[in-house]
Amino acid sequence: MGIPPNSIEKKDTIEELVFELIRMEATTLERVNASVIYCAEWLEQRGLKVTLLENQGLKSLVCILNEEINSPTIILNGHVDVVPANPEGFQPQIIDGKLFGRGSYDMLGAVASMMHTMVELSKKKLSVKVMLCIVPDEECGGFMGTGFLVDRGYLGDFAICGEPTNFKIAIQSKGVLQVKIKVSGLAAHSSQPWLGDNAILKAMKYYEVIEAIDEIQKTNLLFTRPSLNLSMIEAGRALNQVPDQCSLYLDIRYLPSEDASVIKEKIQRAAPDATLEVIAQGSPVLTDKDHPFVVELKQVTEHSLNRTIELFGQNGTADTRFYANYNIPAIEFGPMGEGHHGPQEYVVIKSLYQYKEILKQFIFNLEK
């Protein structure tokens, strides 16, 4: 695949592997693909079988242990794409046990730990099937990676996405509904605004009604606040003219218990003469807190870290939603760190090894 074997063989610690993945600068198609290929060769050098798949130019990796047996399948899912950063962000460094660099926490540290987990599990006799999926595009939607893989049949009984959670377990995440509301008015000269119908003022009145929709305002035990963001406004052609067009762009994150179709219907009712366009929509995740795999992972983590582990709801979205679409219980669960998407992003090195051991013990316990 084009990477000198010696450069791969040398990466024997988790932090060394994270260093290499950060240096990949996986912010473009070419660099993301190079990162996936690097992971594939790293695993192959250690005796694991890897399948590379491509979708619209983007590569994904699947590595399965015990592929031939019919048994419960645990999915370990991680993405190698990262958000852009200044050049120094791709020069990893270790300070006081923290590994700094773009993507270290979100989520190259977890990816590296999962890869080491697979290598160590491959040396054991398991009756559980384990599937590692390394994907290319979670940061920009996930449709080309995890979305593609699940549609191709790479499914299982429980999915762990290694997103940043500081060992907390995210069993829920909000759904996404992004819409454009185009409101029409009547143009007139600014000196006689009463002759026109100001589309901006009209749109803002509609927004106040939309803001009060029950499904957008609701909270529950895991989510303490609604998520409605007026992200952009397009309106007006000249300072001396009453605007006859105004478009509002809304980013709505609704609770897993709510229905996006009901929200869309109520938005249209709130703005009856406006045009409603759905820009993007993503399903929520609602994994049962009492699911045996959730309970087992929580117990293993608490025993390993000697502290109580919180179950929580994630305000943002992750690739868990693609598994949830197939009724596969999915959670977000990752190591310790801080500052993802920011200039001081880091992952705690000790937690990478704890994470690996927790994943291994969780899988071992399923053998019982």
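Residues numbered from 1 in each chain as written. Predicted model: local features only at pLDDT ≥ 70, side-chain atom pairs only at ≥ 80, totals over all residues. Heavy atoms only, no water.

## Some thoughts on the overall build of the protein chain
Then step 1. Across its full length, the protein chain carries 11 helices and 19 strands.
Then step 2. If one aligns the C-alpha atoms of the protein chain with their principal axes, the spans along those axes are about 80 × 45 × 40 Å.
Then step 3. Counting every position in the protein chain, which comprises 368 residues, the buried fraction comes to 53%.
Then step 4. For the protein chain, the proportion of contacts with a sequence separation of at least 24, taken over those separated by at least 6, is 79%.
Then step 5. Total accessible area on the protein chain stands at roughly 16,700 Å², and carbon and sulfur atoms take up 49% of it. (Helix = DSSP H or I, 4+ residues; strand = E, 2+ residues; numbered from the N terminus. Buried < 20%, exposed > 50% of the residue type's maximum accessible area, 1.4 Å probe, protein only. Contact = heavy atoms within 4.5 Å. Areas by Shrake-Rupley, 256 points an atom, 1.4 Å probe, with all protein chains shown as cover.)

## Examining the packing of helix α2 (residues 14-23) against helix α11 (residues 349-365)
When two helices pack together, their arrangement is captured by the angle between the axes and the distance separating the axes.
Then step 1. Look at α2 against α11: their axes get within 10 Å of each other, and the N-to-C directions meet at 110 degrees. Considering their axes alone, α2 and α11 lie roughly perpendicular with respect to each other. Residues Ile14, Glu15 and Val18 of α2 form the contact with α11, whose own contacting residues are Ile349, Leu352, Tyr353 and Lys356.
Then step 2. Split by residue class, the contact of α2 with α11 holds five nonpolar, no polar and two charged. (Axes fitted to C-alpha atoms, helices over the stretch in contact; angles between N-to-C directions. Parallel < 35°, antiparallel > 145°, perpendicular 65-115°, else oblique. Nonpolar A, V, L, I, M, F, W, Y, C, P; charged D, E, K, R; others polar.)

## Structural notes on the state of the cysteines
Then step 1. Taken as a whole and judged by the stated rule, the model has zero disulfides.
Then step 2. The thiol sulfur of Cys63 is not disulfide-bonded, and the nearest other cysteine sulfur, from Cys133, lies at 9.6 Å.
Then step 3. Overall, the relative accessible area of 0% leaves Cys63 in the buried class.
Then step 4. Here Cys161 stays unpaired: no disulfide links it, and the sulfur of Cys133, its closest cysteine neighbor, is 9.0 Å away.
Then step 5. For Cys161, a relative accessible area of 1% puts it in the buried group. (Disulfide = S-S within 2.5 Å.)

## As for the sheet that holds strand β14 (residues 275-282)
Then step 1. Here four strands make up an open sheet; going across it, the order is β11-β13-β9-β14 and the pairing antiparallel. With partners counted over all chains shown, the strands left at the sheet margins are β11 (227-235) and β14, one partner each. Here the strands of the sheet are splayed against their neighbours by 15 degrees on average, with no regard to which way each runs.
Then step 2. Alignment of strand β9 (residues 175-184) against β14, held across seven bridges, turns out to be antiparallel. Its bridge partner being in β14, Leu177 is matched across the sheet by Gln281.
Then step 3. Of the strands in this sheet, β9, β11 and β13 (245-254) are in contact with helix α6 (residues 199-211), which crosses β13 at around 15 degrees. (Pairing = 2+ DSSP bridges.)

## A few points about the environment of Leu177
Then step 1. Within the fold, Leu177 resides in strand β9.
Then step 2. Sequence separation between Leu177 and Ile134 is 43 residues; the distance between their C-alpha atoms is 26 Å.
Then step 3. Ignoring any residue separated from it by four or fewer positions in sequence, one finds Leu177 in contact with Leu250, Asp251, Ile252, Tyr254, Ala260, Ile263, Lys264, Val278, Ala280 and Gln281.

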